[in-house]
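# Notes for the structure review
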Amino acid sequence: MRITVENLSWSARGTTVVRDVHAEILPGETVGLIGPNGSGKSSLLRCVAGLRAPTTGTVRYDGEDIRGWDARRVARRIAFVEQSADADSDLRVADVVALGRTPFRGRWRGPDATDRAVVDAALRHAGLTALATRTWRSLSGGERQRAHLARALAQQPWGILLDEPTNHLDIKHQLALMELLAATDQTVLVSLHDLSLAARYCDRLLLMCDGTLVATGAPEDVLTPGRLRDVFGIDAALAPDPAGHLALTCRGVAAAGPD
Amino acid sequence: MPVSRAPAGSGRDLLGVLHPSARALPGPQPVTPPPVATGGRLSRTALGLLGTAALLLSVAASVRIGSADVGYGELGRALGGRLGLAVEPLPPLLDSLIWDLRLPRVLLAALVGAALAVCGAVLQAVTRNALAEPYLLGVSSGASTGAVVVVVLGIGAGSLGVTGGAFTGALLSFGLLLILLRRGGLDSLRIVLTGVIVGEFFAAVTALILMASGDADTTRAITHWLLGSMASARWDVVVIGAVTTVVGLAVTWACAGALDGFAFGADTAASLGVGVRATRATLLVVTALMTSVAVASVGAIGFVGLIVPHGVRFLVGPTHRVLLPFTALAGAVFLVWADALARIAFTPREVPVGVFTALLGVPLFLLILRKRGEL
């Protein structure tokens, strides 16, 4: 699915959080959304996910303006994984993944064979089959995040949006999650804190600062030493490591930061 | 310079089903058995039959219990006579005892128990709070105030009626609760404390009205009724209760998928295709309606909405499609027995049934708080 964002601005309580963003995400791409805290990443994601109505501007899925779509219509196109969405619940992993079938279910109908087959495949894809009957409360952070991704996949979405999915995960689970994302055929837009993960797993990056989009492009073109200094306030550079993966080498806080 | 990225396409065979292009699964799909059997949880069909049987037996048994003993045979004759069967008619006094006093009372207990328990389950999901319940959130107190305004002050006695007054009061208390909770998070202690404040406010208003306007007899009667008593059950009240409970159960059951979606908060629910605002508003109005009909007919009985859903979740799990009908069934059985206990525990004196539900509910309330590490 192609996701197009045109002149998008979003304000809350008189403060403009996202300002005049233009972006295009191509079918099948994995795009990273990066930027310092408070740069508007979460708000932009929520506008793209149809959860917030933009103050001005347009979000298009495959060219169609989604303004006025009901939640169900959006949910059949795109899945959204919130930042550490938690529940105080005895729901089992399979129940949580089955939530992804909600947009396809009639009011009075229980799960059918298709629902079960899809949930089963999503569990397998996220490596959760063995945990299917475990309760939510008993899961580790990494398992919860994988369950959310499986739930998103069970929506059979054309696009997946994720808000900081690697937060609170240990390094192994961060890598596993990013590999899962990079391997999906769906269009993926994922906000990330970790610039090394973003550079390594994303086809392209969108860099946000103070609510505006300041750069887009391949990781090595976006994360220049100048932008790392001006936007993130660090003295760092992106370079291939011995194995050929892009990695961030950080020398410390920039001498004259943006503050 | 060669820049390699993560390998793409691994596990693509699995993606066949998960990709939207595979939405209509082709041909005769080898249906894998669901990965979750009802492992550890009882078979739902068996439990459903068991529950229905328990409800019917409880109703029959409870009709027999009271100051005058009634046998099953006499109960059968009373029912048979009404249905036009050729049975030996009962003496009029006994027939009236069964038909006009016992049966409506027991049926009303079942209906109110089902309604309050379902309200609890729904409110717990909507507020994402294990302690939410009409009584603890102050909704029952609001409904009581509304009912007392109609009964004692006579305001709206013609147009609203007691149920209408209770409904208005319930909506007002819900509104007040939502205004007070508008800002800040929805952590459980905060919701419950706010609910208690709202409840205390409305209880104070009720007390004020009673003291200012009610004579001693009215005050005693209403205080007894406010604690929850089925003593005034009549057939017309039973009919109203039946309609409300059935409609309420149908509406909430239709929202079962949405209620599951709320588990991870409003944004995740919306991203799953739930119309969050409309669903929330519908559910709050329906629970307010069910609560107010319950309060108008039997007074404010607390903790049913706390005790029953927690017990049922333990048996059938938290999925609302299954949880709600079983909660209704269990709530009905629960209140039928609580009311039977209230009738016979201190004969000839009758204890308000709300006293018994509170005696059971308060320890459970503390247990939940402690389990969540908030006490």
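Please read these numbers as outputs of a predicted model, since none were measured by experiment.

Turning to the overall build of chain B, a few remarks are in order. Counting secondary structure elements, chain B contains 15 helices and 0 strands. The long-range share in chain B, meaning contacts at least 24 apart out of those at least 6 apart in sequence, stands at 74%. Carbon together with sulfur atoms contributes 70% to the accessible area of chain B, which is approximately 16,800 Å² in total.

At the interface, 69 residues of chain A touch 53 residues of chain B. Summed over both partners, the interface of chain A with chain B buries about 5,000 Å², with 59% contributed by carbon and sulfur atoms. Considering only the side of chain A, the residues that lose the most area to chain B are Arg-92, Trp-108 and Gln-156 of chain A, jointly responsible for 12% of the buried surface there. Put simply, chain A and chain B have 2 salt bridges between them. For Arg-46 of chain A, the salt bridge is made with Asp-267 of chain B, and the minimal N-O distance between the two is 2.7 Å.

The next thing to look at is the pattern of salt bridges. When the charged atoms of two side chains lie near each other, side chains of opposite charge can form a pair. Overall, the coordinates contain 25 salt bridges over all chains when judged by the stated rule. Its salt-bridge partner being Arg-77 of chain B, residue Glu-88 of chain B comes within 3.7 Å of it at the nearest N-O pair. Of this pair, Glu-88 of chain B sits in the loop between helix H3 (72–82) and helix H4 (92–126) while Arg-77 of chain B sits in helix H3, placing them 11 residues apart in sequence. Judged by relative accessible area, which is 56%, Glu-88 of chain B ranks as exposed. The partner of Arg-105 of chain B in a salt bridge is Asp-339 of chain B, and the shortest N-O contact between them spans 2.8 Å. With Arg-105 of chain B in helix H4 and Asp-339 of chain B in helix H14 (residues 320–344), the pair connects residues that are 234 residues apart, well separated along the chain. Exposure class is identical for Arg-105 of chain B and Asp-339 of chain B. Each is buried. Taken together, the salt bridges that share partners define one network made up of Arg-46, Arg-52, Glu-82 and Asp-163 of chain A together with Asp-267 of chain B.

Attention now moves to the sheet that holds strand S8 (residues 187–191) of chain A. Backbone-to-backbone hydrogen bonds pair the strands of a sheet. The strands run either parallel or antiparallel. Residue and element names in this part refer to chain A. On the basis of which strands lie adjacent, the open sheet formed by 6 strands has the order S6-S7-S8-S3-S9-S10 and mixed pairing. Strands with a single pairing partner mark the edges of an open sheet, and in this sheet they are strand S6 (78–81) and strand S10 (212–217). Each adjacent strand pair in this sheet contributes to an overall mean axis angle of 15°, direction not counted. Relative to S8, strand S7 (residues 159–163) runs parallel, the two sharing 5 bridges. Opposite Leu-161, over in S8, you have Leu-189 as the bridge partner.

Right, let's get into the sheet that holds strand S1 (residues 3–12) of chain A. Strand order in the open sheet formed by 4 strands is S2-S1-S4-S5 (chain A), with antiparallel pairing between adjacent strands. In the strand order of this sheet, the two ends are held by strand S2 (15–25) and strand S5 (64–65) of chain A, each with one partner.

The next subject is the environment of Glu-6 of chain A. Residue and element names in this part refer to chain A. Mapping Glu-6 onto the fold places it in strand S1. Between the alpha carbons of Glu-6 and Ala-117 there is a distance of 37 Å; along the sequence they are 111 residues apart. Residues within four places of Glu-6 in sequence aside, it is in contact with Val-21, His-22, Gly-57, Thr-58 and Arg-60.

To continue, consider the side chain of Thr-287 of chain B. Residue position: Thr-287 of chain B is located in helix H12 (residues 276–298). Sequence-distant contacts of Thr-287 of chain B, that is, excluding residues within four places in its chain, are made with Cys-119, Val-122, Leu-123 and Phe-174 of chain B.

Looking now at H4 of chain B. All names here are of chain B. Look at H4: 49 Å from first C-alpha to last across 35 residues, which is about the 51 Å you get at 1.5 Å a residue. The buried fraction of H4 is high, at 29 of 35 residues. Looking at the residues trailing H4, positive phi occurs at Arg-128, about 50°.

This part takes up the packing of aromatic side chains. Applying the stated rule across the entire model yields 5 aromatic pairs over all chains. Ring geometry for Phe-201 of chain B versus Phe-202 of chain B: centroids 5.3 Å apart, planes at 80°, classification edge-to-face. The side chain of Arg-73 of chain A reaches across the aromatic face of Trp-69 of chain A, ending 3.9 Å from its centre. Over the ring of Tyr-72 of chain B we find Arg-64 of chain B; its NZ or CZ atom is 4.4 Å from the centre of that ring.

Right, let's get into a nonpolar patch on the surface. Residues and elements named next belong to chain B. A grouping of Leu-83, Leu-85 and Val-87 is seen on the molecular surface, where their side chains present a nonpolar patch of about 300 Å² in accessible area. With respect to the helices, strands and loops of the structure, Leu-83 is situated in the loop between H3 and H4. A residue is classified by how much of its surface remains accessible, and Leu-83, at 66% relative accessible area, is exposed.

All names here are of chain B. At their nearest, the axes of H3 and H4 sit 10 Å apart, and the two run at 85° to each other. The angle between H3 and H4 places the two elements in the roughly perpendicular class. On H4, the residues touching Glu-74, Leu-75, Ala-78, Leu-79 and Arg-82 of H3 are Leu-94, Asp-95, Ile-98, Trp-99 and Leu-103. A breakdown of the residues in the contact of H3 with H4 according to their chemical character gives 7 nonpolar, no polar and 3 charged.

This next bit is on unusual backbone geometry. The phi torsion of most residues other than glycine is negative, and most of the peptide bonds are trans. A positive phi angle, near 40°, is found at Asn-7 of chain A, a position not held by glycine. Among the residues examined, Asn-7 of chain A registers a relative accessible area of 39% and is labelled partly exposed.

Along the chain, the position of Ser-292 of chain B falls in helix H12. Non-local contacts of Ser-292 of chain B, meaning those with residues more than four positions away in its chain, are made with Ala-143, Thr-163, Ala-166, Phe-167 and Ala-170 of chain B.

All right, on to helix H15 (residues 353–371) of chain B then. All names here are of chain B. When the terminal C-alpha atoms of H15 are compared, their 27 Å separation across 19 residues agrees well with the 27 Å that a helix rising 1.5 Å per residue should span. Helix geometry: H15 is bent most strongly at Gly-361, by close to 25°, with proline Pro-363 lying one to four residues after it. If you check which residues of H15 are buried, you get Val-353, Gly-354, Phe-356, Thr-357, Gly-361, Phe-365, Ile-368 and Leu-369.

We now examine the pairing of S10 of chain A. Residues and elements named next belong to chain A. Where strand S9 (residues 204–209) and S10 come together, 5 bridges link them in antiparallel fashion. Across the sheet, the residue bridging to Met-208 is Leu-213, located in S10. Between the end of S9 and the start of S10, which pair antiparallel, lie 2 residues, with Asp-210 showing a positive phi angle near 50°.

How each quantity is defined
Residues numbered from 1 in each chain as written. Chains lettered and ligands numbered in written order. Predicted model: local features only at pLDDT ≥ 70, side-chain atom pairs only at ≥ 80, totals over all residues. Heavy atoms only, no water. Helix = DSSP H or I, 4+ residues; strand = E, 2+ residues; numbered from the N terminus. Contact = heavy atoms within 4.5 Å. Areas by Shrake-Rupley, 256 points an atom, 1.4 Å probe, with all protein chains shown as cover. Buried area = accessible area lost by both parts, 1.4 Å probe. Salt bridge = Lys/Arg side-chain N within 4 Å of Asp/Glu carboxyl O. Buried < 20%, exposed > 50% of the residue type's maximum accessible area, 1.4 Å probe, protein only. Pairing = 2+ DSSP bridges. Axes fitted to C-alpha atoms, helices over the stretch in contact; angles between N-to-C directions. Expected span 1.5 Å × (residues − 1). Phe/Tyr/Trp six-rings, centres within 6.5 Å; stacked < 30°, edge-to-face > 60°. Lys NZ or Arg CZ within 6 Å of the ring centre and 35° of its normal. Patch = residues over 30% accessible without salt bridge, like charges linked within 9 Å, V, L, I, M, F, W, Y side chains within 5 Å. Parallel < 35°, antiparallel > 145°, perpendicular 65-115°, else oblique. Nonpolar A, V, L, I, M, F, W, Y, C, P; charged D, E, K, R; others polar. Bend = angle between axes of the 7 residues up to and from the residue.

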